[in-house]
Amino acid sequence: MTPICDKRRPMFQAVIFDIGGVVLQSPFIAIAQYEHKLGLPLNYINCSIVGRGHNGAWQKFERGELELLEFYEAFGRELSDVTKGNMWYREYCKRKALPCSGLPTELKIDGRELFGAMMQASRQYDPHVRSAILRLRAAGKHKVIALTNNFTRVDVPPKEREFLGWTEGTIPSHLLDLFDDFCDSSVCGLRKPDPEFYLLACRRNGFKPSEAIFLDDIGLNLKTAKALGMETILVKIGETLAAVKELEKKAGLDLTSQAYDSKL
């Protein structure tokens, strides 16, 4: 593949990456496995998490409003509420025109167990995305930003660090070093899809939303970005290479050729 060269000022000034499900492996994989273990229909737990809106334990945790042990208890309690969980799942099935069966009559979800599985599952880099980030940084034509719903401000008891896979910290230095700026929801007190979180990333890095490409694995997060004027790319589980190829075209840089890999 011939490297793409464009000496003109790029149309886009920044590339913004979500972390879990884009740069790192998706925690949704662990959620799906947990649903299967409990005999729940696919996406049942996701529907319960999203259904809580801005005031759920998950959402508060990502804004730095709950400590870890407090979050475990609230997370498990909320997800065990089958009355609301079944209601939200029925609404999801109706929107997606899916059959709705196998709903639980009672449920006991261990918040610590589920969150631990999610964190352990999302420790590995996606090789295609990591390589693309390294190439973007090397080219020096775009600011490379992380915009993530995360948990940096959490006070983690020592015994929990190994359990969660956080022995190098909530955000290890090798992950931070990939980016020009790392916008963390728990530090900023804002989380996606709140448009103010996106605008904060733009303001503190000196570009307009229309000058940014944004990659995320959640459609709702992309919807906000698009409404602000950002170029968006959906990163589907197992299809990160396709997403990087799309980014390659938008950024005007070679991000995928094997010949380039040997130089990294």
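Residues numbered from 1 in each chain as written. Predicted model: local features only at pLDDT ≥ 70, side-chain atom pairs only at ≥ 80, totals over all residues. Heavy atoms only, no water.

**Observations regarding the packing of helix α7 (residues 127-139) against helix α13 (residues 240-251)**
Right, so step 1: Viewed as axis vectors pointing N to C, α7 and α13 meet at an angle of 20°, and their least axial separation amounts to 9 Å. Between α7 and α13, the angle falls in the class roughly parallel. For the pair α7 and α13, contact is made by His128, Val129, Ala132 and Leu136 and by Thr240, Leu241, Val244, Leu247 and Ala251, respectively.
Right, so step 2: Of the residues contributing to the contact of α7 with α13, the split by class is seven nonpolar, two polar and no charged. (Axes fitted to C-alpha atoms, helices over the stretch in contact; angles between N-to-C directions. Helix = DSSP H or I, 4+ residues; strand = E, 2+ residues; numbered from the N terminus. Parallel < 35°, antiparallel > 145°, perpendicular 65-115°, else oblique. Contact = heavy atoms within 4.5 Å. Nonpolar A, V, L, I, M, F, W, Y, C, P; charged D, E, K, R; others polar.)

**A short note on the sheet that holds strand β3 (residues 181-184)**
Right, so step 1: On the basis of which strands lie adjacent, the open sheet formed by five strands has the order β3-β2-β1-β4-β5 and parallel pairing. A strand with exactly one partner marks an edge of an open sheet, and here the two such strands are β3 and β5 (231-234). Averaged over all pairs of adjacent strands, the angle between their axes in this sheet comes to 20°, without regard to strand direction.
Right, so step 2: Two elements, strand β2 (residues 143-148) and β3, share four bridges in a ladder whose sense is parallel. Along β3, the bridge assignment pairs Ala146 with Phe182.
Right, so step 3: Where α7 meets the sheet, it contacts β1 (14-17) and β2, and its direction lies at approximately 155° from that of β1.
Right, so step 4: Strands in contact with helix α12 (residues 219-228) are β4 (212-216) and β5; relative to β4, the strand with the most contacts, it is inclined by about 170°. (Pairing = 2+ DSSP bridges.)

**Observations regarding the domain arrangement of the chain**
Interface size is often expressed as the accessible area that is lost when the parts come together.
Right, so step 1: In terms of domains, the chain is made up of domain 1 (14-25 + 124-251) and domain 2 (27-120).
Right, so step 2: Summarising the inter-unit geometry, the C-alpha centres of domain 1 and domain 2 are found 23 Å apart.
Right, so step 3: With 24 residues of domain 1 at the contact, the number on the domain 2 side is 19 residues.
Right, so step 4: Across the domain 1/domain 2 interface, buried area totals approximately 1,900 Å², and carbon plus sulfur atoms make up 64% of it.
Right, so step 5: Considering only the side of domain 1, the residues that lose the most area to domain 2 are Phe151, Phe163 and Arg191, jointly responsible for 31% of the buried surface there.
Right, so step 6: Where domain 1 packs against domain 2, one counts two salt bridges. (Domains from an automatic or database assignment. Buried area = accessible area lost by both parts, 1.4 Å probe. Salt bridge = Lys/Arg side-chain N within 4 Å of Asp/Glu carboxyl O.)

**A closer look at the packing of helix α11 (residues 195-205) against α12**
Right, so step 1: Relative orientation of the contacting elements α11 and α12 amounts to 60°, with a least axis distance of 10 Å. Taken together, the axis directions place α11 and α12 in an arrangement best described as oblique. Once α11 is placed against α12, the crossing between them reads as right-handed. Only Asn221, Thr224, Ala225 and Leu228 of α12 make contact with α11, whose side of the interface consists of Pro195, Tyr198 and Leu199.
Right, so step 2: Of the residues that constitute the contact of α11 with α12, the class distribution is five nonpolar, two polar and no charged. (Left-handed = near helix turned anticlockwise from the far one by under 90°.)

**Describing the nonpolar core**
Right, so step 1: Counting residues in each nonpolar core, the largest one holds 35 residues, and the members touching the most others are Ile45, Phe71, Leu114 and Phe115.
Right, so step 2: Of all the secondary structure elements, the ones that give two or more residues to this core are α1 (28-38), α2 (44-51), α3 (57-62), α4 (68-79), α5 (82-96) and α6 (111-121).
Right, so step 3: Looking at this core element by element, the count peaks at six residues for α4.
Right, so step 4: For this core, the domains that each give at least three residues are domain 1 (14-25 + 124-251) and domain 2 (27-120).
Right, so step 5: Setting aside residues up to four positions removed in sequence, Ile45 forms contacts with Ile31, Tyr34, Glu35, Leu40, Leu79, Ile109 and Leu114.
Right, so step 6: Core analysis: the next-biggest nonpolar cluster, separate from the first, contains 28 residues, Ile19, Val22, Ala146 and Ile171 among them. (Core = buried A, V, L, I, M, F, W, Y, C linked by side-chain atoms within 4.5 Å. Buried < 20%, exposed > 50% of the residue type's maximum accessible area, 1.4 Å probe, protein only.)

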